[in-house]
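Here is what each chain is made of, one letter per residue.
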Amino acid sequence: MTSWLVERILLLGTGRRDLAESITGDLVATGRSSAWLLLAAHGIAFRFLVDRTVRFVGRGSRTRSNRRPLFVNTLWLDLRYAIRGLRKSPGFAAVAIVTVALGVGANVAIYSLVHAIMLAPLPYPQQADIVRIWPGESVTMGWVQTFKDTKSFTVVAGVTGARATMTGQGEPMELEGGAVTAGHFDVIGVRPALGRPFQPDDHRPSAEPVVILSHALWQHAFGGDSAIVGTLVDIAEGGGQRPRVVGVMPTGHVSLNEDWEYWTPSIVNPETDYPLSSEGCFCWQLIARMAPGVSQQAANAEVGVLAQRIWEHSPEDLRQEALATAVVQPMLDDLVGDADTSLTMLLGAVSLVLLIACLNVANLLLARGEGRRRELAIRSAVGAGRARLVAHSLFESLSLGLAGGVLGVGLAVGLMRYFDGAIADVLPRTQGVALNAPVLIFALGTTLLASVVFGLAPALGVLRTDPSTVLAYRPGMSGRGHQRVRATLVALEVALAVILAIGAGLMVRTMRSLGAVEPGFRTEDLLTLRLYQPGSDYQTPEAVDRYFREIREQLAGLPGVQSVATTNSLPLTGQGWGWSYSVDAEPLPEGAAMPNARFRLISPDYFNTLDIPLIAGRDITEADVEGPDEVVVVNQSFMNRHFESPADALGRSISLNTGHSFMIVGVVPDNLHRSLAEPARAEMYRPRLFFPVRRRYVIVATAGDPEPLTPMVRQAVWDVDPNVPILDLFTMAGVRRNSTRSSQFYLEVLGSFAVLAMVLGMIGVYGVLSFIVNQSRQGIGIRMALGADSKRVLRDTVAQGLRPVILGLGFGTAGAVGATRVLESLLFGVAATDLTTFLTVAGVILTTALFATLIPARRAAAVDPMRTLRTE
Amino acid sequence: MGNTKALGEFEHLLLLAIVRQGNGISGAEVSGELASKTGRHPARGTMYVTLDRLERKGYLSSEMGDPTAERGGKAKRLYSLTAAGLEALKRSGQALQAMWQGYESLLEDA
């Protein structure tokens, strides 16, 4: 593509096919074709812009070019001339270039996110046909079957994420991966590069366990050895036989959900065609390929009808939520999720920053033009055509833009590095964030656009210059109209800065609100760690429970430890299982979905460790773990769903669709288990499960700061079993902070944009007022000579400087009322039109503007009337 | 070809580069030779324009070579000196030599 474009451009320039081909070859061979293309594109765009303007302005002037071919060499002559001019005032050039660079850099960095996340297609053949079916909830495996009979899709598959530990290849490693049903590889349309996809037999319960590896895992763990296919590997999802590798996915293949490193087949009961393991678990996602000719509306309608049937007999809250969200949507949209709102918001914010930067540079150029009117007049008087002068002015702007753009791309690379660490948990599809061709083209476009925006006013200024009046020009006689243009630019800058600052202010309030949320459990003085017990001595649920009981006893014995509990899903990490159930074994109509609720495996002392009080009934005890498996504790939402009062709930029975039944022995208040910003849901707390849960979080309540206990805790864990890896070790306060990472990210980005905008705006305020003061020294001198005191001069000058600020404040506030609406989905605990935020921002802007005007105003007040008058 | 005009300095250098490198050399190679012997890095456009002019004057002939993979499948134009080119080079060289005669000592510390 690059070389094709290069050749086209050269052909256009030289008119010689052979030369064009030859030079293209040279460029390709030396690896410089992309760089050349970038320069040439700039050159052509520059030339086009300049030619157009010159032709427009100079109708009939002698500089009108006789349609020279677009040859890039001539560009450099013009550019060199402009650069020579800029080098004479390096301070001005540096400020302008850095300003442009900040604007362009921030835009390119944000665009790199937009491109990778929203625009880049999924790496699958006919990716637009791949959809996600969301019937209102994650689904149980049985539903894959239900949806297979639909007309809208050619193939439907289920996927569910899991984790496995790999041993035998150096350090034990935790792998991300998961199980897929038959049809998965048909949906994504990608086959393993080595070996084979799963076959129907792989899904039988009696089948030998098999696994497919990602290309990356194959490379770094197995050295890219193609003999790996057919061998047994030590990848364990939880005990059991070692799986045999049957395939390796191709390089560059990215899994749909996460960075999966392995795939296993779901195991299906041959009698019912339903999967055996985790049958009732609401942990499967449905993916499908659209049938040809079926519209998305049709598919949505079909899924909607199915969902109606499935949820018909569910509790009201569940049914409404499910039906409201049931949808079929393109996989890409699904993966992007609501990130597009936040990204559009960021893109909007960052373009405001660029606009402010442009206004600022325009202002600088205007001031500079003012100082050079004499030079222009002389050049004009000795015969330089107007068109020539305008072209020169444009080239100057374009060279500034180009230099700023190049620097900006460098800056963007730095910003992208910051994003790399900050966004992985905040935004989807971030692996593709890179400085690639589309991003560079965007950089080019932005730079050119910016150059035109800030180059326009000065170029028009040159146009309006009349040599006869200018030669009579003396400093200090700058036109009022000119000042008005600059004041308007400043007012605009302030208005945009106000919008950004209000956005940032709202994010600050959001972070405050999140910080003030009472989650319903303790988050201070808690240490959490995640343990994985892979040992072959622990094959049964009871054996694994025993191991974790020993851990609890060992840790509880440490000095400074108050209590210890374990659970399968830590609060505020967004994890958890859903499970379907029925109350008092009420039978459900055929085909109807059972209600489901979050399901948590907890140990005795869990509520105590997290300071969660009991509303009614009793806590889970050691006897519940060891003795007969028959109890469950539910939360308030669950109780509200089925019972009149807590007392009414106690003693009732809950049956899972696996056939297990339990009695409700306790009710606890709702707490924000999933996230600080989401309302509580119905939950069940169980002391035991019927399969071994090898990964659990241990929560240790300490008497003070938990950090110093860390080494002792590690040692205690290894005293019980030295082969158990400690996967994550955090304080609960850290987990809480981590759960607000995305708000923190948006706060940081918007905050830095706002600060940048305000600094640029204040530079504008300061610059314009200083200029005015310098220009009107004489007038001030006369006023003071006539008796005005310096206080009055100070006041008047400040008032003059603040006028555009107040104007900008008004426009900015009005703009913000509309603009902050895009922020709404990111806000928590604060309205998009929060009065406090608006007032605070207005206050901050006015105060900083006051400082910015005070410096030039004091200079004005210090004018010595005698001296000024004498210099004239 | 009957063109008796003297060669420009740059033209002279280009023709010499082709003599030194042998016939059938590409523009890039001419450029490389020039860079290594004189330290000059002419712009690519200047290079090709001059080569083109020399060809039009009949001092050079050229043909397209075979495309290669490392050039992105692009062929390159290969230049060879013609008899007229050699003649012109000789003439220019002789003129230069004639002018230098007796002043070679200037070269020593130049």
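1. Here's the deal with the overall build of chain A
Secondary structure summary: chain A contains 29 helices and 21 strands in total. In chain A, buried positions account for 43% of the 872 residues. By sequence separation, contacts in chain A at least 24 residues apart represent 83% of the contacts at least 6 residues apart.

2. Structural notes on the overall build of chain B
Counting secondary structure elements, chain B contains five helices and three strands. Counting from the amino terminus, chain B carries its helices and strands in the arrangement α-β-α-α-β-β-α-α. Projecting the C-alpha coordinates of chain B onto the three principal axes gives extents of approximately 55 × 35 × 20 Å. Looking at chain B residue by residue over its 110 residues, the buried ones come to 26%.

3. Notes on the pairing of strand E2 (residues 153–166) of chain A
Residue and element names in this part refer to chain A. Taken together, the six bridges between E2 and strand E9 (residues 285–290) define a ladder with antiparallel strand orientation. Within the sheet, the bridge partner assigned to Val-155 lies in E9 and is Arg-289. Where E2 meets strand E3 (residues 173–180), eight bridges bridge the pair, whose relative direction is antiparallel. Among the inter-strand pairings, Val-159 is bridged to a residue of E3, identified as Val-180.

4. With respect to the confidence of the model for chain A
Residues and elements named next belong to chain A. Averaged over all residues, the pLDDT of chain A equals 82, while 88% of them reach at least 70. Within the model, pLDDT remains below 50 along residues 58–73, and this stretch shows 30 contacts once partners closer than five positions in the same chain are excluded. In this model residues 272–279 is a low-confidence stretch, pLDDT under 50, and it forms 22 contacts with partners more than four residues away in sequence or in other chains.

5. Quick look at the environment of Ala-288 of chain A
Residue and element names in this part refer to chain A. Tracing the chain through its elements places Ala-288 in strand E9. Assessed through the 28 C-beta atoms surrounding it within 10 Å, Ala-288 is described here as buried. Between the alpha carbons of Ala-288 and Ala-862 there is a distance of 77 Å; along the sequence they are 574 residues apart. Apart from residues no more than four positions distant in its own chain, Ala-288 is found in contact with Val-131, Ile-133, Phe-153, Val-155, Val-156 and Val-187.

6. What about the nonpolar core?
Residue and element names in this part refer to chain A. Counting residues in hydrophobic clusters, the biggest one holds 117 residues, and the most contacted among them are Val-353, Val-498, Leu-500, Phe-753 and Ala-757. Residue assignment places this core across two domains, with domain 1 (32–121 + 339–471) and domain 3 (480–517 + 741–871) each supplying three or more. With residues up to four places along the chain from it excluded, the contact list for Ala-757 reads Leu-352, Val-353, Ile-356, Leu-496, Ala-497 and Leu-500. Leu-213, Ile-310, Phe-599 and Leu-656 belong to the second-largest nonpolar core, a separate cluster that totals 112 residues.

7. Re the sheet that holds strand E11 (residues 526–532) of chain A
Residue and element names in this part refer to chain A. Taken in spatial order, the four strands line up as E12-E20-E11-E21 in an open sheet, and their pairing is antiparallel. Each end of this open sheet is capped by a strand with a single partner; those strands are strand E12 (561–567) and strand E21 (726–731). When strand polarity is set aside, the average angle formed by the axes of neighbouring strands in this sheet is 15°. Its contacts with the sheet place helix H18 (residues 541–556) against E11, E12 and strand E20 (695–702), and it is angled at close to 165° to E12.

8. Considerations on unusual backbone geometry
Residues and elements named next belong to chain A. Phi angles above zero are rare outside glycine, and Arg-429 is one such case at about 50°. Among the structural elements, Arg-429 can be located in the loop between helix H14 (386–422) and helix H15 (437–464). You can call Arg-429 partly exposed: it has 18 C-beta atoms within 10 Å. Residues other than glycine seldom take positive phi values, yet Asp-605 does so here, at roughly 75°. Mapped onto the fold, Asp-605 is located in the loop between strand E14 (596–601) and helix H19 (606–609).

9. Some details on the environment of Asp-705 of chain A
If you trace the backbone, Asp-705 of chain A turns up in the loop between E20 and helix H23 (710–720). For the pair Asp-705 of chain A and Val-517 of chain A, spaced 188 residues apart in sequence, the C-alpha to C-alpha distance is 21 Å.

10. Describing helix H4 (residues 83–100) of chain B
Compared with an ideal rise of 1.5 Å per residue, which puts 18 residues at 26 Å, H4 of chain B spans 25 Å between its outermost C-alpha atoms and is within 8% of the ideal. Positive backbone phi, approximately 90°, marks Gly-102 of chain B, located one or two places after H4 of chain B.

11. Considerations on the packing of helix H12 (residues 339–371) of chain A against helix H25 (residues 741–775) of chain A
Between two packed helices, both the angle of their axes relative to each other and the distance between the axes serve to describe the pair. Residue and element names in this part refer to chain A. Remark: H12 packs on H25, axes separated minimally by 10 Å, with the N-to-C direction vectors making an angle of 15°. Compared by their axis directions, H12 and H25 come out roughly parallel. Between H12 and H25 lies a crossing of left-handed hand. Taken together, the residues of the contact of H12 with H25 break down into 18 nonpolar, six polar and no charged.

12. A look at the sheet that holds strand E2 (residues 60–64) of chain B
All names here are of chain B. As summarised here, the arrangement of the three strands in space is E1-E3-E2, forming an open sheet in which the pairing is antiparallel. Because the sheet does not close on itself, it has two edges, and the strands there are strand E1 (25–26) and E2. Sheet analysis places E2 next to strand E3 (residues 77–81), joined by five bridges and oriented antiparallel. Bridging across to E3, Ser-62 finds its partner in Tyr-79. Here helix H1 (residues 9–21) sits on the sheet in contact with E1 and E3, set at roughly 90° to E3.

13. So, the interface of chain A and chain B
Contacts between the two partners involve 13 residues from chain A, matched on the other side by 14 residues from chain B. The element best represented in the side of chain A that touches chain B is helix H2 (residues 17–29) of chain A, accounting for ten residues.

14. Quick notes on the packing of H18 of chain A against H23 of chain A
Residue and element names in this part refer to chain A. Where H18 contacts H23, the axes come no closer than 9 Å and their chain directions differ by 140°. When the axes of H18 and H23 are compared, the pair comes out oblique. Classified by chirality, the crossing of H23 by H18 is right-handed. Note on element contacts: H23 touches H18 through Val-713, Ala-716, Val-717, Asp-719 and Val-720, opposite Glu-550, Ile-551, Gln-554 and Leu-555. Across the contact of H18 with H23, the residue classes tally to six nonpolar, one polar and two charged.

15. Details of the confidence of the model for chain B
Residues and elements named next belong to chain B. Averaged over every residue, the pLDDT of chain B is 82; the share at 70 or more is 94%. When pLDDT is averaged over each element of chain B, H1 comes out on top at 89 and helix H5 (residues 105–108) at the bottom at 77. At the level of chain-chain contacts, confidence expressed as ipTM amounts to 0.73, with global pTM at 0.72.

So, how was this worked out
- Residues numbered from 1 in each chain as written.
- Chains lettered and ligands numbered in written order.
- Predicted model: local features only at pLDDT ≥ 70, side-chain atom pairs only at ≥ 80, totals over all residues.
- Helix = DSSP H or I, 4+ residues; strand = E, 2+ residues; numbered from the N terminus.
- Buried ≥ 20, exposed ≤ 12 C-beta atoms within 10 Å, placed from the backbone.
- Contact = placed C-beta atoms within 7 Å.
- Pairing = 2+ DSSP bridges.
- pLDDT = per-residue confidence, 0-100.
- Core = buried A, V, L, I, M, F, W, Y, C linked by C-beta atoms within 7 Å.
- Domains from an automatic or database assignment.
- Axes fitted to C-alpha atoms, helices over the stretch in contact; angles between N-to-C directions.
- Expected span 1.5 Å × (residues − 1).
- Parallel < 35°, antiparallel > 145°, perpendicular 65-115°, else oblique.
- Left-handed = near helix turned anticlockwise from the far one by under 90°.
- Nonpolar A, V, L, I, M, F, W, Y, C, P; charged D, E, K, R; others polar.

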